[in-house]
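Commentary on secondary and tertiary structure
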Amino acid sequence: MIRFILSDLRRLWAGSMVVVLLVALATALGVSVVLQERALRLGSARAADKFDLVIGAGGSETQLVLSSVFLQPSPLPLMPGEVLGRLAADPRVDWAAPIGFGDSFSGYPIIGTTTMLAQNLSGGLAEGKIFAREGEAVIGAAVKLSLGGEIKPMHGSLEEGGETHTELVYHIAGRLRPTGTAWDRAILVPIQAVWHIHGMEAEEHAGDGEHEHEAASGTDSAEHDHEHEKAGADHDGHEHHGEADPDAALDESWTAGAPGLPAILVKPKTIADAYKLRQDYRSGNTVAVFPGEVLTNLYATLGDAKQILVAVASGAQALVAASLVLVTVIHIGQRRRQIGALRAFGAPRSAIFGIVWLEFFFLVAVGIAIGFALGYAAALTLSGIFSQTSGITMPVGFAREDAALAAVLLAFATILAALPAVLAYRQSPAQALRA
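Residues numbered from 1 in each chain as written. Predicted model: local features only at pLDDT ≥ 70, side-chain atom pairs only at ≥ 80, totals over all residues. Heavy atoms only, no water.

Regarding helix H4 (residues 82-89)
Along H4, the residues that are buried comprise Val83, Leu84, Gly85 and Leu87. In this structure, the buried side of H4 is in contact with strand S1 (53-57), strand S2 (93-105), strand S11 (263-268), helix H9 (271-280) and strand S12 (286-289). (Buried < 20%, exposed > 50% of the residue type's maximum accessible area, 1.4 Å probe, protein only. Helix = DSSP H or I, 4+ residues; strand = E, 2+ residues; numbered from the N terminus. Contact = heavy atoms within 4.5 Å.)

Here we look at H9
Taken residue by residue, H9 has Asp273, Ala274, Leu277 and Arg278 as its buried positions. Within H9, the buried residues cover an arc of 135 degrees as seen down the axis, which keeps them to one side. (Arc of directions from axis to C-beta.)

Notes on the side chain of Arg278
Position of Arg278 relative to the elements: it lies in helix H9. In this structure Arg278 comes out as buried when scored by relative accessible area, which is 17%. There is a polar contact of 3.0 Å between the side chain of Arg278 and the side chain of Glu293. Filtering out sequence-adjacent residues up to four positions away, Arg278 remains in contact with Leu53, Ala288, Phe290 and Glu293. (Polar contact = N/O pair within 3.5 Å; in protein donor to acceptor, adjacent residues only side chain to side chain.)

A short note on the pattern of salt bridges
If charged atoms from side chains of opposite charge come close, those side chains can pair. Taken as a whole and assessed by the stated rule, the structure comprises twelve salt bridges. Here Glu37 makes a salt bridge to Arg41, at a shortest N to O gap of 2.0 Å. Residue Glu37 and its partner Arg41 are located together in helix H2 (residues 13-48), separated by four residues, close to a single helical turn. Residue classification places Glu37 among the buried positions, given a relative accessible area of 8%. Judged by its relative accessible area of 27%, Arg41 is partly exposed. Glu127 serves as the salt-bridge partner of Arg175, at 2.9 Å between the closest nitrogen and oxygen. Of this pair, Arg175 sits in strand S9 (residues 170-176) while Glu127 sits in strand S4 (residues 125-128), placing them 48 residues apart in sequence. The partly exposed category is assigned to Glu127, whose relative accessible area is 34%. (Salt bridge = Lys/Arg side-chain N within 4 Å of Asp/Glu carboxyl O.)

So, the packing of aromatic side chains
Taken as a whole and judged by the stated rule, the model has five aromatic pairs. Ring centres 5.8 Å apart and planes at 35 degrees place the aromatic pair Phe51 and Trp183 in the tilted group. Here Phe51 is found in the loop between H2 and S1, whereas its partner Trp183 is found in the loop between S9 and strand S10 (187-190), with 132 residues between them in sequence. The residues Phe51 and Trp183 share a single accessibility class, namely buried. Pairing Tyr275 with Phe290 gives two aromatic rings, centres 5.0 Å apart and planes at 75 degrees, and the pair type is edge-to-face. Taken together, the residues Tyr275 in helix H9 and Phe290 in the loop between S12 and helix H10 (291-334) connect sequence positions 15 residues apart. Given the relative accessible area of 48%, Tyr275 is considered partly exposed. (Phe/Tyr/Trp six-rings, centres within 6.5 Å; stacked < 30°, edge-to-face > 60°.)

Here we look at the nonpolar core
Considering soluble globular proteins, one finds that nonpolar side chains tend to be buried as a cluster. In terms of nonpolar packing, the biggest core is built from 34 residues, with Ile99, Leu117, Trp183 and Leu188 touching the most fellow members. Elements with a contribution of two residues or more to this core: H2, helix H3 (61-68), S2, helix H5 (115-121), S11, S12 and H10. The element best represented in this core is S2, accounting for four residues. Listed in part, the 24 residues of the second largest apolar core include Ala39, Leu324, Trp357 and Leu409. (Core = buried A, V, L, I, M, F, W, Y, C linked by side-chain atoms within 4.5 Å.)

Quick word on the confidence of the model for the chain
Of all residues in the chain, 74% have pLDDT values of 70 or greater, and the mean over the chain is 78. Predicted confidence for residues 202-240 stays below pLDDT 50, and this span has 43 contacts to residues more than four positions away or in other chains. (pLDDT = per-residue confidence, 0-100.)

Some words on a nonpolar patch on the surface
Taken together, the side chains of Leu21, Leu25, Ile370 and Leu374 present a nonpolar region at the surface, about 350 Å² in accessible area. Only H2 and helix H12 (349-390) provide two or more residues apiece to the nonpolar patch. Within the fold, Ile370 resides in helix H12. (Patch = residues over 30% accessible without salt bridge, like charges linked within 9 Å, V, L, I, M, F, W, Y side chains within 5 Å. Areas by Shrake-Rupley, 256 points an atom, 1.4 Å probe, with all protein chains shown as cover.)

Description of the pairing of S1
Most of S1 is tucked away, with five of its five residues classed as buried. Bridge count for S1 against S11 is four bridges, and the pairing is antiparallel. The partner of Ile55 across the bridge, within S11, is Ile264. With four bridges connecting them, S1 and S12 associate as antiparallel partners. Counted as the bridge partner of Val54 is Val289 from S12. (Pairing = 2+ DSSP bridges.)

Listed below in structure tokens is the structure:
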């Protein structure tokens, strides 16, 4: 029987290839959606795991996480610099690192931060040393620049028509180890250098006066927010220019007079401290979030999108199945003489059923196997493209539930193959030979 089936498939190779291709494409669509969605969840979750608590000005929690953890370019409102001073002196805090956005170089975001974050982000350096002066920088593992190279910061990006700063040129002092996060594509520079080249030192002293005045007079918090939003708008618009000394030593002893900040990454000493800090800074002019909680909300939205895509893929698979049934029924009609001859030579009905069923099931099973391979390759390609642009490592791989999906598809193929087999089974030899 097997030799007869293989001979039949070789004789009808063109039609067999069409069946396999249709099944493979329909299966690959569904598999790629499942694998890509899972890779996005795992990659983003692993990236967020490196950051325990993020504190920013009041506003969108989602945007705060996207900007500070995933480095998505978007202006954030500034919170008072005194928040950094309070966190630095808080006994519940292991370390607190301010971050500043807005500049870029060759498509890589420039992030103003501290030596503490640079040391703890990737567990050390792959080469070089941590920046120790205002004119030094540390690059992520995926930044295609060399140690000692020059970085001329640009406000905004080249696509937006950004303006190149002439106040300071950074020199690359070290490279971080890979983290699998968006920070692999980042350029880390001293936060005080960012403040200086944006002329925010003057705002620092002005801010002290404002804070003291507000504390004495009880100024409404809305007015306080307005002042810092205005400062943030001035910073984004690059209206302030300052001077920076590339050889100046770093001073990371934070006081209440620090300039306004878009976000602070906090490492609490214990889990209990993390929840207490989150509660303390979720009122007034600040908001504190666990990145994992924000991602959970995003996953819920992503889950809805996944259901829609899976429904589309299932619809495509149903159409392919209907087309295959139609093609197979027509094919059985064209093979009536062959079936009649087999019956006339004494082949039992069960043998005819088995031949037709095995042929069709074999083609569908091969199509499913190829579809899983194509879906995996498509998800791997998409994840690679996304990783290159975002820096986030997106692991693509099969899980236990994928075996259940394959079993369901094979069970469906078993039922689908039975339809043409039943039609062949019911044909009588006399009718088949007269056809």
